[in-house]
Amino acid sequence: MSSAPRAEKICCLGAGYVGGPTMCVIAKNCPDCKVTVADLFADKIAQWQDPDHLPIFEPGLSDLVRATLGKNLFFTTDLESAIREADIIFVAVGTPTKTVGIGSGHAANLCFLESAARLIARVATTPKIIVEKSTVPVRNAETLMRIFTTNPDSARLFQVVNNPEFLAEGTAVNDLLHPDRVLIGGQTTPAGHEAVRRLADVYAHWVPRERIITTNLWSSECSKLVANAFLAQRISSINSISELCEATGADVDEVARAIGMDSRIGAKFLKSSVGFGGSCFQKDILNLVYLSQSLGLTEVADYWEQVITINQHQKARFTERIVHSMFHTITGKKIAVLGFAFKKDTGDTRETPALDVVYKMLDEGANLAIYDPKVPDELMWEDLRHGPSLSPPARPMPLEERISHVTDVYQAVEGAHAIVVCTEWDEFKTLDYERIFGSMVKPAFIFDGRNILDHQRLFQIGFEVHSLGRRPLTHFPQTL
Ligand SMILES: NC(=O)c1ccc[n+]([C@@H]2O[C@H](COP(=O)([O-])OP(=O)(O)OC[C@H]3O[C@@H](n4cnc5c(N)ncnc54)[C@H](O)[C@@H]3O)[C@@H](O)[C@H]2O)c1
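Residues numbered from 1 in each chain as written. Predicted model: local features only at pLDDT ≥ 70, side-chain atom pairs only at ≥ 80, totals over all residues. Heavy atoms only, no water.

1. A word on the overall build of the chain
Selection rule: Secondary structure counts use DSSP, requiring at least four H or I residues in a row for a helix and at least two E residues in a row for a strand, with both numbered from the N terminus. For the radius of gyration, the atoms used are the C-alpha atoms, and the globule rule reads 2.2 Å times the number of residues raised to 0.38. A simple rule labels every residue: compare its accessible area, found with a 1.4 Å probe on the protein chains alone, to the largest value its type can have, and call it buried under 20%, exposed over 50%, or partly exposed in between. Counting rule for charge: Lys and Arg are taken as positive, Asp and Glu as negative, and neither His nor the chain ends is counted. Here the site of a charge means NZ on Lys, CZ on Arg, CG on Asp, or CD on Glu.
Across its full length, the chain carries 19 helices and 14 strands. Radius of gyration (C-alpha) of the chain: 24 Å, near the 23 Å computed for a compact globule of 480 residues. Referenced to the eigenvectors of the C-alpha coordinate spread, the extents of the chain come out at roughly 75 × 50 × 45 Å. Looking at the 480 residues of the chain, the share that counts as buried comes to 54%. A gap of 3 Å separates the mean positions of the 48 positive and 58 negative side-chain charges of the chain.

And the structure:
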């Protein structure tokens, strides 16, 4: 018999890009629930307690924290108390691609997830619903259940459900407030159904019931990997066509518009760019590839691997074009890099295509001035010192002598030979390009890696304009 929704006590292990915003939205919409977010890192937890200096930037997030902090939303490093107190425990820890050992470069590193599960198994004394929020390989819930059943006394305490997160960084708050769907996978047992129902009741505080869909555990785990694979595949598909357009004189934006009006194809995710980034797309496809290979599904693995191959190719060929267009050398030339985050409206730089572009330009001997409105200075330098994850380690170089991280975009372009747009920040569309042109070395090049600028206008000002998926706009006749 179903009863009135309970005032659940909720905890989340992991105060990152997913755990933090998701719990803020739950706290805001479920004032009867107590929500506690726990993380191992004291600095991060301290930052979450200051709405003006949150550890991540997301439009609308500060207001949400301000509205709920200390009322029904709490942040703590006391994981054990948070676990003991909770009825529902979300696990939203990282599952990055392994960088060493078996499956290195493809498989997900599940050590954070396992240690969170072991902690729960050790300290919990009352029944808990464990929510796999992290993105995981299909059948991962089986591992969690095994960990929870190692102690037969406590095994009956736990129900594992999978509830993948589909938010996109940069629009996380809006995505969480108005999700296309909420997916919950559970065991096909009476206790499993009950666990799914209780989690669905939490979401039903603000999500229409018809948007809350339930499946078995494996379908839910699988759907998350597949959703990201399909999204990334669209980007690689249009990016592959951008190269064809450049070679033939077609215009990729015109092609995207023409095919996107077909309702079977749809218009979204058809914007050509320097390539996708972020912590998820590449990682989740690699995870899918690894899983397929492990199951002996070679053709399936090869098919999805190609999405990554095209993405790497797009980043590489964009940078090669910069070098070739600038008279085959950028050695000693100043180049302004506009944008370092992997997309606009976030300060996140994980797998940012900007890093690949920057590294290749450094290899060619360029001097770089990088401007991004949201990426913190320390984060940018940390990324630059480590390099892109799938590339071999860069040879040592005095980075500080070759790169400056500036806070004024006009300072970045002063005396530059070229501007390279790596992130689609809206503010780049409305810069004073006459002023910028006047301050640059001539010919002044623009390489628009996001196809966001008004190319005709820039050309009229005097720039050499290079974009993706169409022929360059040059004031000199092309001989090739
Ligand atoms: N970032 C996204 O846009 C996004 C979207 C959907 C799904 N996901 C998935 O969600 C998961 C989390 O991603 P994220 O971007 O939030 O990662 P993140 O790195 O921003 O946050 C993970 C947090 O977990 C903490 N942590 C690690 N081990 C812990 C433990 N045992 N107990 C408590 N905290 C612990 C870390 O300190 C970190 O703060 C990943 O599996 C990711 O694939 C991410």
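Alright, that's what it looks like, and here's the rest.
2. Quick word on the nonpolar core
Side chains that are nonpolar tend, in soluble globular proteins, to be buried together. What counts is decided by this rule: To define a nonpolar core, start from buried Ala, Val, Leu, Ile, Met, Phe, Trp, Tyr and Cys residues and group those joined through side-chain atoms within 4.5 Å. Every residue pair with non-hydrogen atoms within 4.5 Å of one another is taken to be in contact.
In this structure, Met361, Leu368, Leu384, Ile403, Phe428, Tyr433 and Phe463 are the most contacted members of the largest nonpolar core, which totals 59 residues. By residue number, the principal contributor to this core is helix H14 (residues 353–363), which donates seven residues. Ignoring anything within four residues of it in the chain, the contact list for Leu384 reads Phe340, Leu355, Val358, Tyr359, Ile370, Leu399 and Ile403.

3. Looking at the pattern of salt bridges
Spelled out, the test is: In what follows, salt bridge is the name for a side-chain nitrogen of Lys or Arg lying within 4 Å of a carboxyl oxygen of Asp or Glu.
In this structure the tally under the stated criterion is 28 salt bridges. The salt bridge involving Asp253 is made with Arg470; its shortest N-O contact spans 2.5 Å. You can see Asp253 sitting in helix H11 (residues 252–260) and its partner Arg470 sitting in the segment after strand S14 (464–467), a full 217 residues away along the chain. Take Asp253: its relative accessible area is 22%, and that puts it in the partly exposed class. Of the residues examined, Arg470 reaches a relative accessible area of 17% and is grouped as buried. Residue Arg450 pairs with Glu424 through a salt bridge whose shortest N-O separation is 3.7 Å. With Arg450 in the loop between strand S13 (445–448) and helix H19 (455–461) and Glu424 in the loop between strand S12 (418–421) and helix H18 (433–439), the pair connects residues that are 26 residues apart, well separated along the chain.

4. As for the site of the ligand
As a reminder of what qualifies: Whether a residue is near a molecule or strand is decided by its heavy atoms; if any one of them lies within 4 Å of it, the residue is near. In the analysis that follows, any N or O atom pair within 3.5 Å is treated as a polar contact, provided that within protein one partner can donate a hydrogen and the other can accept it, and provided that, for residues neighboring in sequence, both atoms belong to side chains. Surface accessibility follows the Shrake-Rupley procedure with a 1.4 Å probe radius. Residue values consider only the protein chains on display as shielding. For each domain, the first and last residues come from an automatic or database assignment.
Inspection of the region around the ligand gives 28 residues, with Asp39, Lys44, Thr95, Glu169 and Lys283 positioned closest. Take Thr135: an N or O atom from its main chain is 2.9 Å from an oxygen atom of the ligand. Relative to its free-state accessible area of 820 Å², the ligand is covered by the protein chains to the extent of 91%. Per-element accounting of the shell around the ligand gives the leading share, three residues, to helix H5 (residues 111–123). Built from parts of two domains, the shell around the ligand gets at least three residues from each of domain 1 (9–207) and domain 2 (251–480).

5. Some words on the domain arrangement of the chain
Keep this limit in mind: Two parts placed together each lose some accessible area under a 1.4 Å probe, and adding up what both lose gives the buried area.
Taken domain by domain, the chain holds domain 1 (9–207) and domain 2 (251–480). Of note, the centres of domain 1 and domain 2, computed from C-alpha atoms alone, are 33 Å apart. Contacts between domain 1 and domain 2 engage 20 residues on the former and 18 residues on the latter. Both faces combined, the contact of domain 1 with domain 2 buries some 1,500 Å², and carbon together with sulfur accounts for 55% of it. Among the residues domain 1 hides against domain 2, the three largest losses belong to Phe57, His106 and Glu169. Together they make up 43% of the total. Counting across the interface, domain 1 meets domain 2 through one salt bridge. Residue Glu169 is joined to Arg350 by a salt bridge in which the shortest nitrogen-to-oxygen separation is 3.4 Å. Inspection of the domain 1/domain 2 interface yields six residue pairs in polar contact (both at pLDDT 80 or more).

6. Topic: the environment of Phe437
Within the element layout of this structure, Phe437 appears in helix H18. In this structure, the C-alpha to C-alpha distance between Phe437 and Phe463, residues 26 residues apart in sequence, is 7.1 Å. The residues contacting Phe437, other than those within four sequence positions of it, are Lys442, Ala444, Ile461, Gly462 and Phe463.

7. Quick look at helix H6 (residues 140–149)
Using the following cut-off: The directions from the helix axis to the C-beta atoms are what the arc is built from.
All buried positions along H6 are accounted for by Asn140, Ala141, Leu144, Met145, Ile147 and Phe148. End-on, the buried residues of H6 take up no more than an arc of 160°, which puts them together on one face. The elements touched by buried residues of H6 are H5, strand S5 (128–132), helix H7 (152–155), strand S6 (158–162) and helix H10 (217–248).

8. Here we look at the environment of Ile285
Mapped onto the secondary structure, Ile285 falls in helix H12 (residues 281–294). Look at Ile285 and you get buried, because its relative accessible area is 0%. For the pair Ile285 and Val406, spaced 121 residues apart in sequence, the C-alpha to C-alpha distance is 34 Å. If sequence neighbours within four positions are ignored, Ile285 has contacts with Ala229, Ala232, Trp304, Val307 and Ile308.

9. Focus on a nonpolar patch on the surface
The test is simple: Each patch is built from residues that are more than 30% exposed by relative accessible area and take part in no salt bridge. Like charges join if they lie within 9 Å; nonpolar side chains (Val, Leu, Ile, Met, Phe, Trp, Tyr) join within 5 Å.
A cluster of nonpolar side chains, contributed by Leu295, Leu297 and Val300, occupies part of the molecular surface with about 260 Å² of accessible area. Structurally, Leu297 is set in the loop between H12 and helix H13 (298–325).

10. Quick notes on the packing of aromatic side chains
Inclusion rule: For Phe, Tyr and Trp, where Trp contributes only its six-membered ring, two rings pair if their centres lie within 6.5 Å, and the inter-plane angle classes them as stacked under 30 degrees, edge-to-face over 60, or tilted in between. By the criterion adopted, a ring carries a charge over it if an Arg CZ or a Lys NZ lies within 6 Å of its centre and within 35 degrees of its normal.
Scanning all chains against the criterion turns up 12 aromatic pairs. An angle of 40° between the planes, with centres 5.6 Å apart, marks the rings of Phe230 and Trp304 as tilted. On the criterion of sequence distance, the pair formed by Phe230 in helix H10 and Trp304 in helix H13 is long-range, its members being 74 residues apart. An aromatic cluster is present here, built from Phe230, Tyr303 and Trp304 joined pairwise through their rings. The ring of Trp218 carries the charged tip of Arg139 above its face, separated from the ring centre by 4.2 Å. Directly above the ring of Phe437 sits Lys442, whose terminal nitrogen or CZ lies 4.7 Å from the centroid.

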